[in-house]
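Below are the chains, spelled out letter by letter.
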Amino acid sequence: MSATQPAQPKVTEREARQVAEAAREQDWRKPSFAKELFLGRFRLDLIHPHPMPDAEDVRRGEAFLARLREFCEHEIDGPRIEREARIPDETVQGLKALGALGMKIDPKYGGLGLTQVYYNKALALVGSVSPAIGALLSAHQSIGVPQPLKIFGTQEQKDTFLPRLATTDISAFLLTEPDVGSDPARLATTAVPDGEEYVLDGVKLWTTNGVVADLLVVMARVPRGEGHPGGITAFVVEAGSPGITVEHRNAFMGLRGLENGVTRFHQVRVPAGNRIGPEGSGLKIALTTLNTGRLSLPAMCVGAGKWCLKIAREWSAVREQWGRPVARHEAVGSKISFIAATTFALEAVVDLASQMADEDRNDIRIEAALAKLYGSEMACLMADELVQIRGGRGFETAESLAARGERAVPAEQLLRDLRINRIFEGSTEIMHLLIAREAVDAHLSVAGDLIDPDKALADKAKAGARAAGFYARWLPKLAAGPGQVPGTYREFHPAGHPDLATHLRYVERGARKLARSTFYAMSRWQGRMETKQGFLGRIVDIGAELFAMSAACVRAEHLRATGDHGREAYQLADAFCRQSRLRVEELFGRLWSNTDDLDRKVVSGVLQGTYTWLEEGVLDPSGDGPWIADAAPGPSRHKNVHRPFR
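Residues numbered from 1 in each chain as written. Predicted model: local features only at pLDDT ≥ 70, side-chain atom pairs only at ≥ 80, totals over all residues. Heavy atoms only, no water.

Asks: Would you mind going over unusual backbone geometry with me for this structure?
Replies: A cis amide bond, omega 0°, links H48 with the succeeding residue P49. Note that P49 resides in the loop between α2 (33-38) and α3 (55-75). Phi angles above zero are rare outside glycine, and W206 is one such case at about 55°. Structurally, W206 is set in strand β3 (residues 197-208). At E425, a position not held by glycine, the phi torsion is positive, near 50°. Among the secondary structure elements, E425 is positioned in the loop between α16 (411-419) and α17 (428-439). (Helix = DSSP H or I, 4+ residues; strand = E, 2+ residues; numbered from the N terminus.)

Asks: Sorry, what's going on with the environment of G261 here?
Replies: With respect to the helices and strands, the residue G261 is situated in strand β7 (residues 260-271). G261 sits 335 residues away from D596 along the chain, and the two C-alpha atoms are 37 Å apart. In contact with G261, other than residues within four places in its own chain, are K204, L205, W206, T207, V211, H248, R249 and N250. (Contact = heavy atoms within 4.5 Å.)

Asks: What am I meant to see in helix α20 (residues 501-525) here?
Replies: Residues lying three or four places apart along an α-helix face the same way, a consequence of the helix completing one turn every 3.6 residues. Over its 25 residues, α20 runs 36 Å from end to end, which matches the ideal 36 Å to within 8%, given 1.5 Å per residue. Just downstream of α20, Q526 is the residue with a positive phi angle, here 50°. (Expected span 1.5 Å × (residues − 1).)

Asks: Is there a simple way to explain the nonpolar core in this structure?
Replies: As a rule of thumb, soluble globular proteins bury nonpolar side chains together. Counting 97 residues, the largest nonpolar core has L370, F492 and F576 as its most contacted members. Considering every element that reaches this core, the biggest residue donor is helix α21 (residues 533-561), with 16 residues. Filtering out sequence-adjacent residues up to four positions away, F576 remains in contact with A341, T342, A345, Y374, E545, A548, M549, A552 and R583. Counting residues in hydrophobic clusters, the runner-up holds 32 residues, among them F64, I81, L125 and M300. (Core = buried A, V, L, I, M, F, W, Y, C linked by side-chain atoms within 4.5 Å. Buried < 20%, exposed > 50% of the residue type's maximum accessible area, 1.4 Å probe, protein only.)

Asks: Teacher, can you tell me more about the side chain of K204 here?
Replies: Structurally, K204 is set in strand β3. For K204, a relative accessible area of 0% puts it in the buried group. A polar contact is formed between the side chain of K204 and the backbone oxygen of M219, at a distance of 2.7 Å. (Polar contact = N/O pair within 3.5 Å; in protein donor to acceptor, adjacent residues only side chain to side chain.)

Asks: It is not clear to me how the environment of G195 should be interpreted in this structure. Could you clarify?
Replies: Within the fold, G195 resides in the loop between β2 (190-194) and β3. When its relative accessible area of 66% is taken as the criterion, G195 is described as exposed. Residues G195 and A272, 77 residues apart in the sequence, show an inter-C-alpha distance of 8.6 Å.

Asks: How should the packing of helix α12 (residues 330-359) against helix α22 (residues 566-592) be read in this particular structure?
Replies: Packed helix pairs are characterised by how far apart their axes lie and by the angle those axes make with each other. Across the interface, α12 lies against α22 with an axial gap of 8 Å and an inter-helix angle of 100°. Classified by the angle between their axes, α12 and α22 sit roughly perpendicular to one another. Here S337, F338, A340, A341, T342, F344 and A345 of α12 come into contact with α22, specifically with A569, L572, A573, A575, F576, Q579 and R583. (Axes fitted to C-alpha atoms, helices over the stretch in contact; angles between N-to-C directions. Parallel < 35°, antiparallel > 145°, perpendicular 65-115°, else oblique.)

In structure tokens:
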């Protein structure tokens, strides 16, 4: 071989950040509503009037949804999947025959060519019947082999793989490792060049679809050598290749039908022609794929919200306490209002971001990330509130309810199934940091060298001059704006409807306040800003609420203008914005009044063992074993549990 297999990389925090920074898309070639929002500029013109889909796209999308709905009603047995923790082979074969594997693949390769909007609607529909099937289809198309090939693949790769992926083959995305999560700089799986091939060695963890996949997209580190720039690189790998072993099918608290496992590569030979993009571009490919791929998860959260609302409405109308339905009691009614308003807003966010993705006129990397972050958090809250509304029946399993003669409502299952969404495809904490990095990109572009300890004095001087010019133009614009002028956005206050214009004026003022807060924090903490994760998380959460309020208002006006439940949409948007404004005000207050410093002191004490006395009086039921499993390369000692659907 032309290079020896390196040991797992040992990297510093700074080196890890540099790897992540090099992978992110640097340029902003298209406008971004969310980017402008974080800069204090409320660009309503970028989202209003609400973008509209092409009529032919609607026709094809609705036709497929009708077929999918019939299949879901008659061919998918959600309780069976939950009970057996497995999707039946015949169900997957039916999905293949329906074309569901190729929803996002171009028809010239045998796919359906649905838009992002209708792909999301399809996932919301199928996910409402079986979240495990929703996860299977999403992992296959949103982050699996089809999407990176669509964007970065060669024509030969597309011709070879996309027809299979559209009709018969299921794919999986393999990045995470037992000791590598959101820190890919430490990626240990290697791809060593050997002539016209690469030889893969390593272990991948939490490989969604990996147990049943036919094709894999694998991220591996190519060592630097003669003719090889090296770096983390993406490969299409046949899942049945010699040397690949699925060593374990993982089990989780929810998504019991999820085909997620541990996959080992030992001397697996992959043709050089299966490399996606140049060496070293793997992380950039992964992040670019996720720009729109992240929209599938909040789409299924929308479906969950719709189901929560249906169950809450039906149950709260028949369940009586103290002489009247529980919905008429304010304590329960407020929960129902929250579910209804939040479902409306979340659907507005996902549909708006998806339509913008279809039109490709805006850069939606922040919008998609916000949709994922906001959708996963709010869906969990809605499911938790549904369980509370249902009381003891919410905690009881659907199977138990049915056994004693009541309607089998899987509320507790929904709560378990949704919980992973706050971890999938970037945990909430990682999403906060990712979005915060994009939100402060303009500042770092002009002033980043000022706070970089490795920069020379000459570079700092140039950065100071750039920063002075930028802030001299930018800061005065944050003092006043349309949000302070009564009557602005008056088209959002038609006669006989709630006043949404006042909420948009609040968003405009809030955006400027958010930008001022960010600037003040950067001035105060400078290079230490990246360590203020509590502050950055609140900044992002405020931006998410402002984005959701904007999307809700724009959607309500769109529905009013088209005569489709306009009055009711205005009511829901008004309720959501009033609820959201309370959360925003709390977040603004917590920017500067919080326990972050005290929390750090307590954490230090915990890690130093200062409070071990507090742990006395209990027994630890955990089993023995290492915290992180050994992932040393080498041949597998386990039975291969790979079982592709046939």
